[in-house]
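The chain contents come next:
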Amino acid sequence: MQYELFPSERFSFFSLSSGSCGNSYYLGNSRYGILIDAGIGPRVIKKRLAHYGIDFSSIMAILVTHDHYDHIKSVGYLGEKLHIPVYATREVHKAIINHPLVRNSLNGSTIYIEKGTPFQIKDFQITAFNVPHDSVDNSGYFIRFGNHRFTLATDVGTITDEVAYYICKANHLVIESNYDEEMLNNGRYPYPLKQRITSGSGHLSNRQTAEFLANNYSSDLRNIWLCHLSGDNNNPELAYQTVETHLNRKGIKVGEQVSLQVLQRNILSSKTDF
Ligand SMILES: [Zn+2]
Ligand SMILES: [Zn+2]
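Everything numeric in this text was worked out from a predicted model, so none of it was measured.

About the criteria used
Residues numbered from 1 in each chain as written. Chains lettered and ligands numbered in written order. Predicted model: local features only at pLDDT ≥ 70, side-chain atom pairs only at ≥ 80, totals over all residues. Heavy atoms only, no water. Pairing = 2+ DSSP bridges. Helix = DSSP H or I, 4+ residues; strand = E, 2+ residues; numbered from the N terminus. Contact = heavy atoms within 4.5 Å. Axes fitted to C-alpha atoms, helices over the stretch in contact; angles between N-to-C directions. Buried < 20%, exposed > 50% of the residue type's maximum accessible area, 1.4 Å probe, protein only. Polar contact = N/O pair within 3.5 Å; in protein donor to acceptor, adjacent residues only side chain to side chain. Salt bridge = Lys/Arg side-chain N within 4 Å of Asp/Glu carboxyl O. Donors = N, O, S within 2.8 Å, 3.2 Å for Na, K, Ca; no water. Tetrahedral: all angles 85-135°; square planar, octahedral: opposite > 155°, others 65-115°. Arc of directions from axis to C-beta. Domains from an automatic or database assignment. Buried area = accessible area lost by both parts, 1.4 Å probe.

## Overview of the sheet that holds strand E1 (residues 12-17)
One open sheet holds the 7 strands; their spatial order is E6-E5-E4-E3-E2-E1-E14, and the pairing between them is mixed. The two strands at the open ends of the sheet, each matched to only one other strand, are strand E6 (110-113) and strand E14 (272-273). Here helix H1 (residues 42-51) sits on the sheet in contact with E1, strand E2 (24-28), strand E3 (33-36) and strand E4 (59-63), set at roughly 145° to E1. Strands in contact with helix H4 (residues 90-98) are strand E5 (86-89) and E6; relative to E5, the strand with the most contacts, it is inclined by about 110°.

## Comments concerning the environment of Asn130
Positionally, Asn130 belongs in strand E8 (residues 124-130). By relative accessible area, which is 31% here, Asn130 ends up partly exposed. In this structure, the C-alpha to C-alpha distance between Asn130 and Lys115, residues 15 residues apart in sequence, is 6.7 Å. Side-chain polar atoms of Asn130 contact the side chain of Lys115, separated by 2.6 Å.

## What about the pattern of salt bridges?
All told, the structure shown has 9 salt bridges when counted by the stated rule. One network of salt bridges, in which partners are shared, links Glu9, Arg31 and Asp123.

## Brief notes about the coordination of the zinc ion (ligand 1)
Within the protein, Asp70 (OD), His71 (NE2), Asp155 (OD) and His228 (NE2) serve as the donor atoms for the zinc ion (ligand 1), at 2.1 to 2.3 Å. One can describe the site at the zinc ion (ligand 1) as irregular: its 4 donor atoms subtend angles covering 91 to 168° at the metal. Between the two metals, the zinc ion (ligand 1) and the zinc ion (ligand 2), the spacing is 3.3 Å, and Asp155 donates to both. Highlighted residues: His71 in helix H2 (residues 69-72) and Asp155 in the loop between strand E10 (148-153) and helix H5 (161-168), separated in sequence by 84 residues. Grouping residues by exposure puts His71 and Asp155 together as buried.

## Looking at the coordination of the zinc ion (ligand 2)
Within the protein, the zinc ion (ligand 2) binds to His66 (NE2), His68 (ND1), His133 (NE2) and Asp155 (OD); these donor distances fall in the range 2.2 to 2.4 Å. Around the zinc ion (ligand 2), the 4 donor atoms sit at angles spanning 92 to 170°, and that spread fits a shape best called irregular. Taken in sequence order, the residues that donate to the zinc ion (ligand 2) follow the motif H-x1-H-x64-H-x21-D. The exposure class of His66 is buried, given its relative accessible area of 0%. Residue classification places His68 among the partly exposed positions, given a relative accessible area of 22%.

## Quick look at H5
Buried residues of H5: Val163, Ala164, Tyr166 and Ile167, and no others. All buried residues of H5 lie within an arc of 170° about the axis, which places them on one face of the element. On the buried face of H5, the contacting elements are E8, strand E9 (139-145), E10, strand E11 (172-176) and helix H8 (206-215).

## Considering the domain arrangement of the protein
Assigned domains of the protein: these are domain 1 (12-114) and domain 2 (146-265). Taken over C-alpha atoms, the centre of domain 1 sits 23 Å from the centre of domain 2. Contacts between the two partners involve 16 residues from domain 1 and, on the opposite side, 12 residues from domain 2. Summed over both sides, the interface between domain 1 and domain 2 buries roughly 1,100 Å², with carbon and sulfur atoms accounting for 71% of that surface. Contact with domain 2 buries surface across domain 1, with Phe13, Ser18 and Tyr25 losing the most and accounting together for 41% of the total.

Below is the structure:
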């Protein structure tokens, strides 16, 4: 397939919001970009993109991870009103169309993807992979562009071999660090909800993410962003410290060998250029 390639080109990543309050992430170059999820309102997306000088007209696609509302709130609007193509699996598309809260449900802006089959959007070669979660379906995304390999895995019930494979290939990794185990155990959530979160089809704890990263660190990994933090059972300092401590124990120096950032709930993150 023919596509533009500028090997020395700079790319940028930032989060527009992360967590059950709404998720949306931007990855792009100086000319265009893609959004992963659109789980906050369109006006907020517009405003937060504009903060970094980005206009909707340069957004080539929205990649959808799964059909929970905190990931799809605006996909109907962006797809149908702004004509931005919405990429998702057939199951997720169906769930979006049937979702009672999604307005401007998708008609013409739909592009079906299949996990494991790479597809191209301009410079970005994208592969969706399976991520266990209690939604109709859930995809992580592995994206190659220039000399970079980027992986995003959110709402991760379990780090399966497949999830691990794509995490380990990344130079730039967005990974869930949802809850602190002690805070969840001692917190006010009813028992069934606690069970749902820890069940293997819910979310990853700080410890699970930290242990995996420490045990599987490779020197190719340059950026880690912790995402989808719980508002009740976590805080940014705790998530950061847990991962930093585990990496340190293995002799991996955060800030020198690898950069670590926490993507906060409902806050535009700083922009990382690479
Ligand atoms: Zn979510
Ligand atoms: Zn979810």
